[in-house]
Amino acid sequence: MDKKSKEFLEKYLNNTSPTGFETSGQRIWLDYIKPYVDTYYTDTYGTAVGVINPDNEYKVVIEAHADEISWFVNYISEDGYIYVRKNGGSDHQIAPSMRANIHTKQGIVKGVFGWPAIHVRDRVNEETPSLKNLFIDIGCATKEEVAALGVHVGCVITFEAEFMELNNRYYTGRALDNRIGGYMIAEVVKRLSKNKKKLPFGLYVVNAVQEEIGLRGAQMIAERIGPDVAIITDVCHDTCSPMYNKKISGHQKAGDGPVLTYGPAVQNNLLDMVIAVAEKKKIPFQRAAASRATGTDTDAFAYSNEGVASSLISLPLKYMHTTVETAHKDDVENVIQLMYEFLKQLKTRHDFRYIQ
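Residues numbered from 1 in each chain as written. Predicted model: local features only at pLDDT ≥ 70, side-chain atom pairs only at ≥ 80, totals over all residues. Heavy atoms only, no water.

## A look at the environment of N56
Worth spelling out the cut-off: A run of H or I in DSSP counts as a helix once it spans at least four residues, and a run of E counts as a strand once it spans at least two, with each numbered from the N terminus.
Its place among the elements puts N56 in the loop between β2 (48-52) and β3 (59-65). Separated by 146 residues in sequence, N56 and G202 place their C-alpha atoms 5.1 Å apart.

Here it is, written out as structure tokens:
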């Protein structure tokens, strides 16, 4: 990783892009990829798209999603405490004692998720964290003081947690799900540009919004682009970290390579091509099976328009939907390289249909 890529990764991961409020992160992402694409555009809700060869009729997408889980201000008590509701799959159990940033029109207001001291909690009927009792303290004594700081119902809240590295082997921070995906697809087009690789098709580099609440951004942009092929990258669980049942969750381990998923939404001829590229280029990979839907933007692209040949390349991730999401550096590089090598070998107008 060169210096420019490292600086982008840290800046992009440390920035906040809550579901529905992704604008600042999308600007960072677009500024980074602009030198490597021919043109770009955004849609009404903020999905950003960089395009190479925009006049080519055969369209290929590589995609990640830009949003992160967060919270909303839901209720402000008379004595100035703030109660919350989820924006996406936020984990209420990890919230107590976390530092919080409340995003307002006047800027960020600092707060903490408070919790009663261990000394005073009932050891028999001890309450566990839930939306019924989670609260944020911003140092105010009244509802009016809270309002004076610009905090109101509907303000979005994110945890305060910065990017770091573990043992020079892992990337750790909040929102690797899935801004690390945005980083990886950006590095693919940077690599294409740096190596002067000319593609015989149109490439649409898509950073979609609102995945965490139902694949919404991908649904919108898939209809607009109308691609022929879509390669989606997202994260999956490292099931070799503690407390997973591999009989249920499968076996995927950070450091052992990208995970390729089998399932109805994944087009098998496309998946076979991705596997063939990985094997030819000696890129390590793992396999996973999805029951019904993949739960990623793959589903939105696969079932858009008249059906789009879609495949999913996942990055094994430890501790998903926490502030310490952790991914292996080797896996990040191998996802980038697999997408890059796939694009290099793809011929324009390749027909992925099962029956021709």
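## Examining unusual backbone geometry
Here is the rule: The classification of residues rests on relative accessible area computed with a 1.4 Å probe and restricted to protein chains. Under 20% of the type maximum is buried, over 50% is exposed, and intermediate values are partly exposed.
Of the consecutive residues D177 and N178, the connecting peptide bond is found in the cis state with omega at 5 degrees. Residue N167 is not a glycine yet carries a positive backbone phi of 55 degrees. Inspection of the secondary structure puts N167 in the loop between β10 (164-166) and β11 (170-173). With phi around 65 degrees, L215 is a residue other than glycine that occupies positive phi space. Here L215 lies in the loop between β12 (202-208) and α5 (216-225). Look at L215 and you get buried, because its relative accessible area is 13%.

## Concerning the pairing of strand β7 (residues 107-113)
What counts here: A pair of strands is considered paired only if DSSP assigns at least 2 bridges between the two.
Where strand β6 (residues 99-104) meets β7, 6 bridges bridge the pair, whose relative direction is antiparallel. Opposite T104, over in β7, you have G107 as the bridge partner. As paired elements, β7 and strand β8 (residues 135-137) share 2 bridges and run antiparallel to each other. Counted as the bridge partner of V112 is D137 from β8.

## A word on the nonpolar core
In plain terms, the rule: Residues grouped as a nonpolar core are buried Ala, Val, Leu, Ile, Met, Phe, Trp, Tyr and Cys residues, joined through side-chain atoms within 4.5 Å. Only heavy atoms matter for contacts: two residues are in contact if any of them lie within 4.5 Å across the pair.
Ranked by internal contacts, the top residues of the largest apolar core, which has 62 residues, are W29, I62, I180, L203, M339, F342 and L343. Looking at this core element by element, the count peaks at 9 residues for helix α4 (residues 176-194). Beyond its immediate sequence surroundings of up to four residues, F342 is in contact with I231, L270, M273, V274 and V277. Counting 20 residues, the second largest nonpolar core, distinct from the first, contains V73, I82, L134 and V146.

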